[in-house]
Amino acid sequence: RATGGGRWLPWLGLALLPLAVPPAAAPPGGCPSACYCVATPELVQCRYERLQEPPKELPVTVHNLSIAGSNLSILHPAAFAARPLPDLRLLRLRHDNIQTIEDMALQGLPALRTLDLSHNPLLWVAAGAFAGVPLLRTLQLNQALLAAPLEDQLALALRNLSLQRLELAGNGLRALPAALLPAGLEELDLRNNSLQRLTAAELRSLEAPGLRGLRLTLGANPLSCDCALRPFLAWLRATAARVPDARSLLCAAPPPLRGAALLRLRPEGLACAANEGGEPGRLETASYVFFGIVLALIGIVFLMVLYLNRRGIKRWLHNLREACRDQMEGYHYRYEQDADPRRTSTIGTP
């Protein structure tokens, strides 16, 4: 038995050997425990880990960082600066319930060029929220402006940036956010909003010296093809190259034109309706008011003429009454003569 038992001792020692050797320390700059690296530490993804704050131990060499499905709520100052990330160029923070972005929240990311904050219920953006990222060129805010009107706050936060692309799709916008268009902007994504048209004033803002090269995407907007669309239609035909999806733009109203391609319409075929809002309704209302004022002036002039000529009119009415009386008496006399039986019998006797 001892001999048989001794035969298994070497194998037992080999099995217990890993327990005797201390585990190797994690390499510096490895993946955080709540995230995983794809291929190399240059791409880090943290998905649906319900993080309350950005991970602290990120690889120094990370280029792309994606955090999705967490509950970051507030981005505090230097939220990603626990360790310098000099090479981070793309930061995606989608579906992270971000509501507040404080001043200097992105401090420590000097090479950041693309920031994606889509699908977050933003409520407050500080004026210095994007300070410290001078190379930021692409900002994605798709479905991020639905919780509160943030146009004025964002205008202050973006004032010192040199953005080239701005994405505002799916935010229910009813007008062109002219305050958010910095000079030099090259691409603006306004798809899936609530735009019915671009007004003449908005079109003039697109012709500003710093925005003449701006390209817009406007698909999936409920365009109203009435007479107020004529300026936009003329602009679209003249500068179709600035709207890459121009050929796919369709009318959503009125019902007879629903689904019609915008570029196939003729300006003279776009009618105005009184029950439609916007510029046509205001113009028609103004026309009715002007017409009423003209009629009132005509009535006043007519009454003044009557008043100033009241004696002559009275005399004319008196003469007209006497003439009518004489005429009626003549008719009455002839009727009595014709109805006299003696005159009738005298005329009938030979």
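Residues numbered from 1 in each chain as written. Predicted model: local features only at pLDDT ≥ 70, side-chain atom pairs only at ≥ 80, totals over all residues. Heavy atoms only, no water.

An unreviewed UniProt entry annotates the chain as TPBGL protein originating from Cepphus grylle.

## Structural notes on the state of the cysteines
Scanning the model with the defined rule gives three disulfides in all. Here Cys35 connects covalently by a disulfide to Cys46, the sulfurs 1.8 Å from one another. Every disulfide takes its handedness from the sign of the S-S torsion; for Cys35 and Cys46 that torsion is 100 degrees, giving right-handed. Residue Cys35 is found in the loop between helix H2 (9-20) and strand S1 (36-37), and its partner Cys46 is found in strand S2 (residues 43-47); the two are separated by eleven residues along the sequence. Both residues of the pair, Cys35 and Cys46, count as buried. Residue pairing for Cys227: its cysteine sulfur links by disulfide to Cys272, the two sulfurs lying 1.5 Å apart. Disulfide Cys227-Cys272: torsion about the S-S bond near 115 degrees, hence right-handed. Here Cys272 lies in the loop between strand S14 (251-253) and helix H6 (279-308) and Cys227 lies in the loop between strand S13 (223-224) and helix H5 (230-238), a separation of 45 residues in the sequence. (Disulfide = S-S within 2.5 Å. Helix = DSSP H or I, 4+ residues; strand = E, 2+ residues; numbered from the N terminus. Buried < 20%, exposed > 50% of the residue type's maximum accessible area, 1.4 Å probe, protein only.)

## Focus: a nonpolar patch on the surface
A contiguous nonpolar patch, built from Val289, Ile293, Leu297, Ile300 and Met304 and spanning about 480 Å² of accessible area, is present on the exposed surface. Secondary-structure assignment places Met304 in helix H6. (Patch = residues over 30% accessible without salt bridge, like charges linked within 9 Å, V, L, I, M, F, W, Y side chains within 5 Å. Areas by Shrake-Rupley, 256 points an atom, 1.4 Å probe, with all protein chains shown as cover. Salt bridge = Lys/Arg side-chain N within 4 Å of Asp/Glu carboxyl O.)

## Focus: the packing of aromatic side chains
For the structure shown, the criterion picks out one aromatic pair. Residues Phe232 and Trp235 carry aromatic rings whose centres are separated by 6.2 Å and whose planes lie at 20 degrees to one another, so their mutual orientation is stacked. Residue Phe232 and its partner Trp235 are both found in helix H5; the two are separated by three residues, about one turn of the helix. In terms of burial, Phe232 and Trp235 fall into one category: buried. Geometry around Tyr307 places Arg310 over its ring, the cationic atom sitting 4.5 Å from the centre. (Phe/Tyr/Trp six-rings, centres within 6.5 Å; stacked < 30°, edge-to-face > 60°. Lys NZ or Arg CZ within 6 Å of the ring centre and 35° of its normal.)

## Digging into the environment of Ala228
Take Ala228: it is sitting in the loop between S13 and H5. On the accessibility criterion, Ala228 (7% relative accessible area) is buried. With 44 residues separating them along the chain, Ala228 and Cys272 place their C-alpha atoms 7.6 Å apart.

## Regarding unusual backbone geometry
The linkage connecting Ala253 with the following residue, Pro254, adopts the cis geometry, with an omega of -5 degrees. Relative to the elements of secondary structure, Pro254 occurs in the loop between S14 and H6. In the Ramachandran plot, Gln143 falls in the positive-phi region, its phi being about 50 degrees despite a non-glycine side chain. Relative to the helices and strands, Gln143 is located in the loop between strand S9 (138-140) and helix H3 (151-157). Even without being glycine, Ala220 reaches a positive phi, approximately 65 degrees. Checked against the element boundaries, Ala220 lands in the loop between strand S12 (215-217) and S13. A relative accessible area of 59% places Ala220 in the exposed class.

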